[in-house]
Amino acid sequence: MSIVLTPYWSPDEGIQKLKIEARAPAAPGLAPPVFSTKAQLDRTLLQLRSRTSPIEKYTFLAQAKQADVEAFYKLCLEHMPEIIPIIYTPTVGDACLQYSKIYRNPEGLFISLKDKGRIGNILRNWPLANEARISVVTDGSCSRILGLGDLGANGMPIAVGKLSLYVACAGIRPSSTLPITLDLGTDSSSNLSDPLYLGLRQRRPLDAEYDAFMDEFVTEMGRVHPKVLVQFEDFSTDHAFSYLERFRNRLPLFNDDIQGTGAVVLAGLLSAARLVPIPRNEHRILLFGAGSASVGVAKQLMSFFTITGMSEEAARSQIWLVDSKGLVYVGREEVADYKMYFARRHYTGVPMKDLAEIVKYVKPTVLLGLSTIAGAFTPEVIRQMSQNTPRPIIFPLSNPVQLSECTFTEALIHSNGTAIFASGSPFGSEVIGGVRREPGQGNNMYIFPGLGLGAILCRAKSVTDSMVQAAAFGLAGSLLWDERALELVYPRIERIREISAHIAVKVIRAAQQAGVDNSTDLKRMNDTVLLEFVKRKMWNP
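This one's a predicted model, so the numbers in the text were calculated from it and none came from an experiment.

Trainee: Explain the overall build of the protein chain residue by residue, including any values.
Mentor: Across its full length, the protein chain holds 22 helices and 16 strands. Based on the C-alpha atoms only, the size of the protein chain along its principal axes is roughly 75 × 55 × 50 Å. Residues classed as buried in the protein chain amount to 57% of the 541 residues present. Excluding contacts between residues fewer than 6 apart, the proportion of contacts in the protein chain whose partners are at least 24 apart in sequence is 71%. Surface exposure of the protein chain reaches about 22,300 Å², of which carbon and sulfur atoms provide 52%. Considering the protein chain, the positive charge centre built from 58 side chains and the negative charge centre built from 54 side chains are found 4 Å apart.

Below, the structure written as structure tokens:
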């Protein structure tokens, strides 16, 4: 029996609401005489593959999920490498841009600026309120890594897509997920002029009004959904940092753009560094792009050095930032406060804007791209990286593919096959010197499902930095021997549920050590028993 959310109009309240409906198996005569779930999954896959464009596949799968949620997730688990790029990156970017045109039925809660003063009532309208355990909350203001800009209400597919990955990758029950889009207007002229746009037709408010709305939202979330873990997604850079710090001790909450991205890059770097014949303390890391995701990555990468005994100050000195105005250093004009921690303190030269020139000056062994500037890692930049180290680590992390700083082919060709590569977007394998090379994909889906699962199971009061770090170390430690032999920096995506369970155990242990767990029974379990407990708690369709 499937459970579906059906929209209906409430004349008393003058709003559209959702109700739960149980969809029972068809009565005799209302289904074909020869019907099996297995054949229907094969049929669904055949129909999916008949669609020609990614957005057509996206809308088809959205309908399939609404029709039969269990069959949808069976399809995801059996064909994960094929399905995940459709329901999330890179196709979700196009789904956001076209959301007001392809919209059919609500899949989450919309809370607008007009709802201030009654946000709690809106939250209570969610039909599955008692079952909710995980919520992805976005205001659609700044899709940085997807490079989509201000989405406004069109950001809902990101929240829906992320929660689909919690279900598929970590076994969170579909009924436990709560997608929320906070509609505080949009500064996108194209949205404001679109007659089909589903959101408020007004510019975003000033910070004072924004902050007051967010204070009420977080307060009401704690009252209405006290058991819910909150993941903030795609807030503007300034708000991403300020709201994380402002609210992280009022709710169990984390920001995936800042913390999840940092954790997945840290895990990839730990794996890549094993392949480079230089001591860890001699690595130099250059981040191209200095938004909230990039600075979040930089903060996580401090652990790469400090776990070997390096001081925090020494670790910071090994990390350089480059933003749209060039190398970030103290004394340069227009350096935002959140970047100042990594601003170079002893640079006295002229402003440096050209990336090839900066790479020559810094001599990094690791080059990370979070800029959404396609082709920024030019042949000259890649060749210079190869002069700095025998195995340059090159991670162009921007999504989608057309915004990647370089391709896998370019990294290999211009480094003479020596580059250790991972990207935010999927690339195909390449043959170099008769050897087939597989690219890594540093997708946050390796981190946040397991992080969320662990936090939910131990009923964490907050999500600490040590829990996020534990997730990164758990991912880095999950590579199998054959994956290491192929020089993979991330495990194969087909193993994602196994990996998420492994990460969840690490996260639970970190929560216990930090004293933020509320499930004291888990402390009495050894790691083997705890892992089996985690696996039993994972939902299977």
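Okay, back to it.
Trainee: Describe in detail the packing of aromatic side chains, supporting the description with residues and values.
Mentor: All chains considered together, the criterion is met by 17 aromatic pairs. Seen from their ring centres, Phe241 and Tyr338 are 5.2 Å apart, and the 25 degrees between their planes marks the pair as stacked. Taken together, the residues Phe241 in helix α11 (residues 237-247) and Tyr338 in the loop between β10 (326-327) and α15 (355-362) connect sequence positions 97 residues apart. Judged by relative accessible area, which is 12%, Phe241 ranks as buried. Ring centres of Tyr347 and Tyr361 lie 5.6 Å apart, and the angle between their planes is 75 degrees; this geometry places the pair in the edge-to-face category. Residue Tyr347 is found in the loop between β10 and α15, and its partner Tyr361 is found in helix α15; the two are separated by 14 residues along the sequence. What makes Tyr347 buried here is its relative accessible area of 12%. One aromatic cluster is present, built from ring pairs that chain together Tyr210, Phe232, Phe235, Tyr243 and Phe247. Above the plane of the ring of Phe304 lies Arg280, whose end atom (NZ or CZ) is 4.8 Å from the centre. The residue whose ring lies beneath Arg316 is Tyr341, and the NZ or CZ to ring-centre distance is 4.3 Å.

Trainee: Describe the sheet that holds strand β7 (residues 253-255), listing the residues and the values that go with them.
Mentor: Taking strand neighbours across the sheet as the criterion, the 5 strands line up as β3-β5-β4-β6-β7 in an open arrangement whose pairing is parallel. Looking at which strands have only one partner, the edges of the open sheet turn out to be β3 (109-112) and β7. Ignoring strand direction, the axes of neighbouring strands in this sheet form an average angle of 20 degrees. Bridging between strand β6 (residues 229-233) and β7 involves 3 bridges; their strand directions are parallel. Bridging from a neighbouring strand, Gln231 pairs with Phe254 of β7. Here helix α10 (residues 207-224) sits on the sheet and contacts β3, β4 (134-138), β5 (177-183) and β6; the angle it forms with β5, its principal contact strand, is near 160 degrees. Sheet contacts for helix α12 (residues 256-273): β6 and β7; angle to β7, the most-contacted strand, approximately 75 degrees.

Cut-off values and rules
- Residues numbered from 1 in each chain as written.
- Predicted model: local features only at pLDDT ≥ 70, side-chain atom pairs only at ≥ 80, totals over all residues.
- Heavy atoms only, no water.
- Helix = DSSP H or I, 4+ residues; strand = E, 2+ residues; numbered from the N terminus.
- Buried < 20%, exposed > 50% of the residue type's maximum accessible area, 1.4 Å probe, protein only.
- Contact = heavy atoms within 4.5 Å.
- Areas by Shrake-Rupley, 256 points an atom, 1.4 Å probe, with all protein chains shown as cover.
- Lys, Arg positive; Asp, Glu negative; His and termini not counted.
- Charge placed at Lys NZ, Arg CZ, Asp CG, Glu CD.
- Phe/Tyr/Trp six-rings, centres within 6.5 Å; stacked < 30°, edge-to-face > 60°.
- Lys NZ or Arg CZ within 6 Å of the ring centre and 35° of its normal.
- Pairing = 2+ DSSP bridges.
- Axes fitted to C-alpha atoms, helices over the stretch in contact; angles between N-to-C directions.

On their own, these measurements won't tell you what the molecule is for.
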